[in-house]
Amino acid sequence: MTAQRPAFFLHAETPADVTAVDALTHAAFEQQPHSRQTEGEIIRRLRDAGALTLSLVARAGAPASPGSLVGQITFSPVAISGDAPSWYGLGPLSVVPAWQGVGVGSTLVSQGLRAMRQLGAAGCVVLGEPAYYGRFGFRSTPALTLHGAPAGCFLVRPFAPIVPMGEVTLHPAFDLLEPTDWTFP
């Protein structure tokens, strides 16, 4: 007998979601050994700077009877040396522990990438677990680099056949991260 997947739906973050996004981000990263609990502050700084290009949230239940937020994904602009416009960074991606492993994160990534393409993005980058993000077409490439990123963990998902070359600079909100935060199990 197959366990039934819990119901959830996605929507763009609204001002009413901000406090819940803070709480779910804290819960999602609280027990992660690579986290110093700066993810919520990064999202707040991106939001305050007007640099949240896209913030999708996952809500338990159905649109007709919504429940609490169980996941969130953020996309923000990145700069690439050599002037490659319309590239974005994915992250943070947060899913509350009780909802991890049931498809919330995968749905957020898939729908987020689809929305970024519709917005005209040339591609996305992410600093994360290669096995997880590889499922969505992200790959490591020497063409794009992020200073201090561990080998193989800075990943690229182009939406066009040409990948620019250069060094990526994240939004200053990510200055809260330390290179030791970039260690993935």
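Residues numbered from 1 in each chain as written. Predicted model: local features only at pLDDT ≥ 70, side-chain atom pairs only at ≥ 80, totals over all residues. Heavy atoms only, no water.

### Digging into the overall build of the protein
Rules: For helices the rule is a DSSP run of H or I covering at least 4 residues; for strands it is a run of E covering at least 2, with both sets numbered from the N terminus onward. Just to be clear, the radius of gyration here is over C-alpha atoms, and the globule rule we use is 2.2 Å times residues to the power 0.38. For the exposure calls, accessible area comes from a 1.4 Å probe over protein chains only, and a residue counts as buried if that area is under 20% of its type's maximum, exposed if over 50%, partly exposed in between. Whether two residues are in contact is decided by their heavy atoms, any of which lying within 4.5 Å being enough. To measure how exposed things are, a 1.4 Å probe is used in the Shrake-Rupley method; for residues, cover is taken only from the protein chains shown. Note on charges: Lys and Arg go in the positive column, Asp and Glu in the negative column, and His and the chain ends are not counted at all. By convention, the point assigned to a charge is CZ for Arg, NZ for Lys, CD for Glu and CG for Asp.
When helices and strands are tallied, the protein shows four helices and nine strands. Here the C-alpha radius of gyration of the protein, 16 Å, is about what a compact globule of 185 residues would show, namely 16 Å. For the protein, the proportion of its 185 residues judged to be buried stands at 46%. Partitioning the intrachain contacts of the protein with sequence separation of at least 6 by distance along the chain shows that 66% fall at a separation of at least 24. In the structure as shown, the protein presents an accessible area of about 9,200 Å², 57% of it carried by carbon and sulfur atoms. Taking the average place of the 11 positive charges on the side chains of the protein and the average place of its 13 negative ones, the gap between the two points comes to 11 Å.

### Thoughts on unusual backbone geometry
With an omega dihedral of 0 degrees, the bond running from Gly-91 to Pro-92 counts as a cis peptide bond. If you trace the backbone, Pro-92 turns up in strand E5 (residues 87-95). The phi dihedral of Ser-86 is positive, around 65 degrees, even though this residue is not glycine. Note on placement: Ser-86 falls in the loop between strand E4 (79-80) and E5. Owing to a relative accessible area of 35%, Ser-86 belongs among the partly exposed residues under this scheme.

### Here's the deal with the sheet that holds strand E1 (residues 8-12)
Quick reminder of the rule: A strand pair is defined by DSSP finding two or more bridges across the two strands. Interaxial angle, 0 to 180 degrees, is taken between N-to-C directions of lines fitted to C-alpha atoms, where a helix line uses only the stretch in contact.
Spatially, the six strands line up as an open sheet ordered E1-E2-E3-E5-E6-E8, and their pairing is mixed. Since the sheet does not close on itself, it has two edges, and those belong to E1 and strand E8 (154-158), each with one partner. For this sheet, the mean angle separating the axes of adjacent strands, direction not counted, is 30 degrees. Note: E5 against strand E6 (residues 123-127), three bridges, orientation parallel. Considered in E6, the bridge of Gly-89 is made with Val-125.

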